[in-house]
Amino acid sequence: MAIKKVMVIGAGQMGAGIAQVCAQSGFNVVLNDMNEEALQKGMKNIEKLLTRAVEKERITNTDKTDTLNRLTSSTQLKDARDCDLVIEAVVENMDVKTKVFSELDGFAPKHAILASNTSSLPITEIAAATNRPDQVIGMHFMNPVPVMKLVEIIRGLQTSDETFNAIQTMTNELSKTPVEVKDFPGFVSNRVLMPMINEAIYTVYEGVASPEDIDTVMKLGTNHPMGPLTLADFIGLDTCLYIMEVLHEGFGDSKYRPCPLLRQYVKAGWLGKKTGRGFYQYS
Ligand code: CAA
Ligand code: NAD
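Here the residue numbering is sequential within each chain, running from 1 through the sequence in written order. The lettering of chains begins at A and the numbering of ligands begins at 1, in the order of writing. The predicted origin of the model limits local features to residues at a pLDDT of at least 70 and limits the giving and counting of side-chain atom pairs to 80 or more, whereas totals for whole chains, interfaces and linings rest on all residues. Hydrogens and water molecules were not included; the side-chain quantities draw on all heavy atoms of the structure.

Visitor: Just checking my understanding: could you explain unusual backbone geometry for this structure?
Guide: Glycine aside, residues mostly have negative phi angles, and peptide bonds mostly take the trans form. Looking along the chain, the bond that leaves Asn143 and enters Pro144 is cis, with omega of 0°. Here a helix means four or more residues in a row that DSSP labels H or I, a strand means two or more in a row labelled E, and each is numbered from the N terminus. With respect to the element layout, Pro144 can be found in the loop between β6 (136–141) and β7 (150–155). Positive phi, close to 60°, is recorded for Ser175, a residue that is not glycine. You will see that Asn223, though not glycine, has its phi angle at about 60°, which is positive. By the element assignment, Asn223 lies in the loop between α8 (211–222) and α9 (228–235). Residue burial is assigned from relative accessible area. The probe radius is 1.4 Å, only protein chains are included, and a residue is buried under 20% of its type maximum, exposed over 50%, and partly exposed in between. For Asn223, a relative accessible area of 69% gives the class exposed.

Visitor: It is not clear to me how the site of ligand 2 should be interpreted in this structure. Could you clarify?
Guide: Throughout this document, a residue counts as near a molecule or strand when at least one of its heavy atoms sits within 4 Å of that molecule or strand. Within the structure, ligand 2 sits among 24 residues, and Asp33, Glu92, Lys97, Ser119 and Ile235 are positioned closest to it. Two N or O atoms count as a polar contact when they lie within 3.5 Å, although within protein this holds only if one can serve as hydrogen donor and the other as acceptor, and sequence-adjacent residues are included solely when both atoms are side-chain atoms. Within the side chain of Asn117, one N or O atom sits 3.0 Å away from an oxygen atom of ligand 2. In the environment of ligand 2, an oxygen atom lies 3.0 Å from a nitrogen or oxygen atom belonging to the side chain of Asn143. Burial of ligand 2 by the protein chains amounts to 86% of its free accessible area of 840 Å². Elements supplying a minimum of two residues to the shell around ligand 2: α1 (13–24), α4 (94–107) and β6. Looking at the shell around ligand 2, its residues break down into nine nonpolar, 11 polar and four charged. Using the Shrake-Rupley algorithm and a 1.4 Å probe, accessible areas are obtained, with residue cover drawn only from the displayed protein chains. Each residue gets one label: Ala, Val, Leu, Ile, Met, Phe, Trp, Tyr, Cys and Pro are nonpolar, Asp, Glu, Lys and Arg are charged, and the others, such as Gly, are polar.

Visitor: Please explain the packing of aromatic side chains as it appears in this structure.
Guide: The description of an aromatic ring pair uses the distance of the two centres, along with the angle that the planes make with each other. Paired rings are identified among Phe, Tyr and Trp, the last through its six-membered ring, by centres lying within 6.5 Å, and are further divided according to the angle between planes into stacked (under 30 degrees), edge-to-face (over 60) and tilted (the rest). With the rule as written, the count across this model stands at four aromatic pairs. When the centroid spacing of 6.2 Å and the interplanar angle of 70° are considered together, the rings of Tyr202 and Tyr205 count as edge-to-face. Of this pair, Tyr202 and Tyr205 both sit in helix α7 (residues 189–205), separated by three residues, roughly a single helical turn. Judged by relative accessible area, which is 45%, Tyr205 ranks as partly exposed. Through a chain of ring-to-ring contacts, three or more aromatic side chains come together here, namely Tyr265, Trp270 and Phe279. Two conditions define a charge located above a ring, namely a distance within 6 Å from the ring centre to NZ of Lys or CZ of Arg, and an angle within 35 degrees of the ring normal. The residue whose ring lies beneath Arg155 is Phe164, and the NZ or CZ to ring-centre distance is 4.3 Å. Sitting over the ring of Trp270, Arg277 keeps its end group 3.8 Å from the ring centre.

Visitor: Which parts of the structure should I look at to understand the UniProt feature "domain: 3-hydroxyacyl-CoA dehydrogenase NAD binding" (unreviewed entry) in the protein chain?
Guide: UniProt positions are given in the numbering used here, feature names are shortened, and annotations may be inferred rather than shown by experiment. Within the UniProt annotation, "domain: 3-hydroxyacyl-CoA dehydrogenase NAD binding" (unreviewed entry) is assigned to residues 5–183. Split by type, residues 5–183 is 41% helix and 22% strand. Its first and last C-alpha atoms lie 27 Å apart.

Visitor: Is there a simple way to think about the packing of α7 against helix α11 (residues 260–267) in this case?
Guide: Angle between the axes and distance between the axes are the two parameters that describe a pair of packed helices. Each axis is a line fitted through C-alpha atoms, and for a helix only the stretch in contact is used; angles between axes span 0 to 180 degrees, taken between their N-to-C directions. Running from N to C, α7 and α11 cross one another at 90°; their axes reach a closest spacing of 8 Å. Classified by the angle between their axes, α7 and α11 sit roughly perpendicular to one another. Contacts between α7 and α11 involve Asn198, Ile201, Tyr202, Val204 and Tyr205 on the former and, on the latter, Pro260, Leu261 and Leu262. When the residues that make up the contact of α7 with α11 are grouped by side-chain class, the tally is seven nonpolar, one polar and no charged. Should an angle fall under 35 degrees it is taken as roughly parallel, and over 145 as roughly antiparallel, whereas 65 to 115 is taken as roughly perpendicular and any remaining angle as oblique. Any two residues whose heavy atoms approach within 4.5 Å are treated as being in contact.

Visitor: What is the right way to read the domain arrangement of the protein chain from this model?
Guide: Where interface size is quoted, it is often the accessible area lost as the parts come together. Annotation comment: domain bounds sourced from an automatic or database domain assignment. Taken domain by domain, the protein chain consists of domain 1 (5–182) and domain 2 (189–273). Look at where the C-alpha atoms of domain 1 and domain 2 centre, and you get two points 26 Å apart. Taken together, the contact pairs 12 residues of domain 1 with nine residues of domain 2. Summing both partners gives a buried area of about 830 Å² for domain 1 against domain 2, and 57% of it is carried by carbon and sulfur. Among the residues domain 1 hides against domain 2, the three largest losses belong to Glu92, Ser119 and Ser120. Together they make up 42% of the total. By definition here, a salt bridge exists when the distance from a side-chain nitrogen of Lys or Arg to a carboxyl oxygen of Asp or Glu is within 4 Å. Applying the counting rule to domain 1 against domain 2 returns zero salt bridges. Along the contact surface separating domain 1 from domain 2 lie four residue pairs in polar contact (both at pLDDT 80 or more). Here's the idea: put two parts together, see how much 1.4 Å probe accessible area each one loses, and the total over both is what we call buried area.

Structural data, given as structure tokens:
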């Protein structure tokens, strides 16, 4: 099955990045968000990043115009009606995701593949909200999508070989490297990364060092491109908390307990870079 038209649901930092990369790779893309303001912000961000790429002579002005011409915006899920692939990138919450997939199942054409960019949630459970579990798959991009080369591909219990092969081919067409991972909480990336971030938050909570010093230790001492607290702010503290909760519940092991400070920051609305405040302040 040839994938030509893609809908991306959720125009936040991940959805906008996925839409940009798909459009730059020649796919027609509909970027969808239920929130008009978020949708316009996502579209503007894409244009800004393309303009920067032209300035840095990574792409030509014609590439930019062609990419933008392949991109449309929508606030209605019914606009999935002529799409071959839908990639969902809404909030990391099972109830929200299953609602989106169940509605989408009624709008997307019968042949369409429904993929989730979930960071940690079971693909099998998301697939069960549809009448096409064989055509549901995890397609986990990394942040920032235009830069990061990896896509974790996760099969649910019923995902067909045809669906898997189509998504593996598409990932290569986006110039990304696909890695197949089993449907276990947090897959590989977040099962390894998020406990480290959570531990860094405990280190702040216990007063061992300041966020700046913890980040300096990890950047200069272990060559991480960003310290764990800068990275947590960049990912979004709400997303970090959701992922830790999925790991904690999914494995039933206290080693994954989310740090109380992380919960407190999320309750305060300090979600990191996207809200202007997390472990650091952003103007
Ligand atoms: N969106 C798009 N492009 C971006 C970007 C963004 N948010 N941030 C940086 N870039 C681009 C820059 O434009 C620049 O491109 P050019 O080479 O064309 O100039 C390039 O990335 C390098 O940027 P900088 O020189 O400004 O900064 P840097 O060298 O520090 O790199 C970084 C920035 C690539 C983000 C780097 O700091 C990094 O790799 N950080 C770690 C990222 C990471 O770990 N991501 C995974 C998060 S976990 C995840 O995604 C899974 C999950 O489910 C939570
Ligand atoms: P975000 O908060 O930046 O964006 C989410 C967007 O989804 C918002 O614009 C919101 O308006 C929209 N939305 C919410 N419910 C919706 C619905 N029912 N229909 C349409 N739009 C809806 O979040 P994000 O960081 O882009 O994360 C999105 C997904 O990607 C999550 O599942 C997250 O776990 C995953 N993810 C995040 C990262 C990261 O580093 N932030 C990395 C990989 C994967």
